Each structure stands twice: as structure tokens, then as C-alpha cells.
Amino acid sequence: MEDIEPTTLHEDNARNYANAFALYMNALKYFNTHLKYEKNPKIKDAITQKFTEYLRWAKEVQAVLDDGGRLGPSANGDAAVAT
């Protein structure tokens, strides 16, 4: 799992959103499988937190893809001002 996060975040930061989305979905499947069989509550909680974080990121990337690859208000995170 250690190699999934840097690769996924690299693709996301490089704005390779289609690749990032596929990697996020792959990671979610991985987490889901481990949640299914994990018995230790502390480990299960940690996996659930990571799953939730990746799900949020996947939804954000999906929204960008649905919008034709354009980012939200602005690329630097500042809100656009309507005139």
C-alpha cells in the first residue's frame, strides 16, 4: 500500500486526472477488501479513515473530469470573483 499513495498523489498533482481517478478507485478496492477481513478494531478504524480520505479525493477528481478537466474556481485555490 505504501506505493499506491505517492503514485496516486503524483498523478493528481500532475493533473493526470484520468490516471489519478483510476488509481484512487484501485486503492478503494484494496481498502474495501482489507476492511472485509480485518478483525483488529484499531486497524479497521485506520483503514476506514484512509478509505474515507481516498473516497473524498476520488469524488473531487471525478468532478474535475466531469467538468472536462477544468479545476474549480481557480488553479491556485482562490475563489473567482463574479463581476
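Reading guide: rules and limits
Residues numbered from 1 in each chain as written. Predicted model: local features only at pLDDT ≥ 70, side-chain atom pairs only at ≥ 80, totals over all residues. Heavy atoms only, no water. Helix = DSSP H or I, 4+ residues; strand = E, 2+ residues; numbered from the N terminus. Buried < 20%, exposed > 50% of the residue type's maximum accessible area, 1.4 Å probe, protein only. Contact = heavy atoms within 4.5 Å. Areas by Shrake-Rupley, 256 points an atom, 1.4 Å probe, with all protein chains shown as cover. Core = buried A, V, L, I, M, F, W, Y, C linked by side-chain atoms within 4.5 Å.

(A) Representation of the overall build of the chain in the model. Within the chain, the secondary structure is distributed over three helices and zero strands. Counting over 83 residues, the chain shows a buried share of 22%. Within the chain, contacts between residues at least 6 apart in sequence are counted, and of these 54% link residues at least 24 apart. For the chain, the exposed surface amounts to about 6,000 Å²; the carbon and sulfur share of it is 55%.

(B) Looking closely at the nonpolar core. With 15 residues, the main nonpolar core has Tyr24, Ala27, Phe31, Tyr54, Ala58 and Val61 as its most contacted residues. With eight residues, the top contributor of residues to this core is helix α2 (residues 17–37). Setting aside residues up to four positions removed in sequence, valine 61 forms contacts with Asp12, Tyr17, Phe21 and Tyr24.

(C) Here's a closer look at the side chain of threonine 8. Along the chain, threonine 8 turns up in helix α1 (residues 4–13). We classify threonine 8 as buried; its relative accessible area is 0%. Apart from residues lying up to four places away in sequence, threonine 8 is in contact with Ala20, Leu23 and Tyr24.

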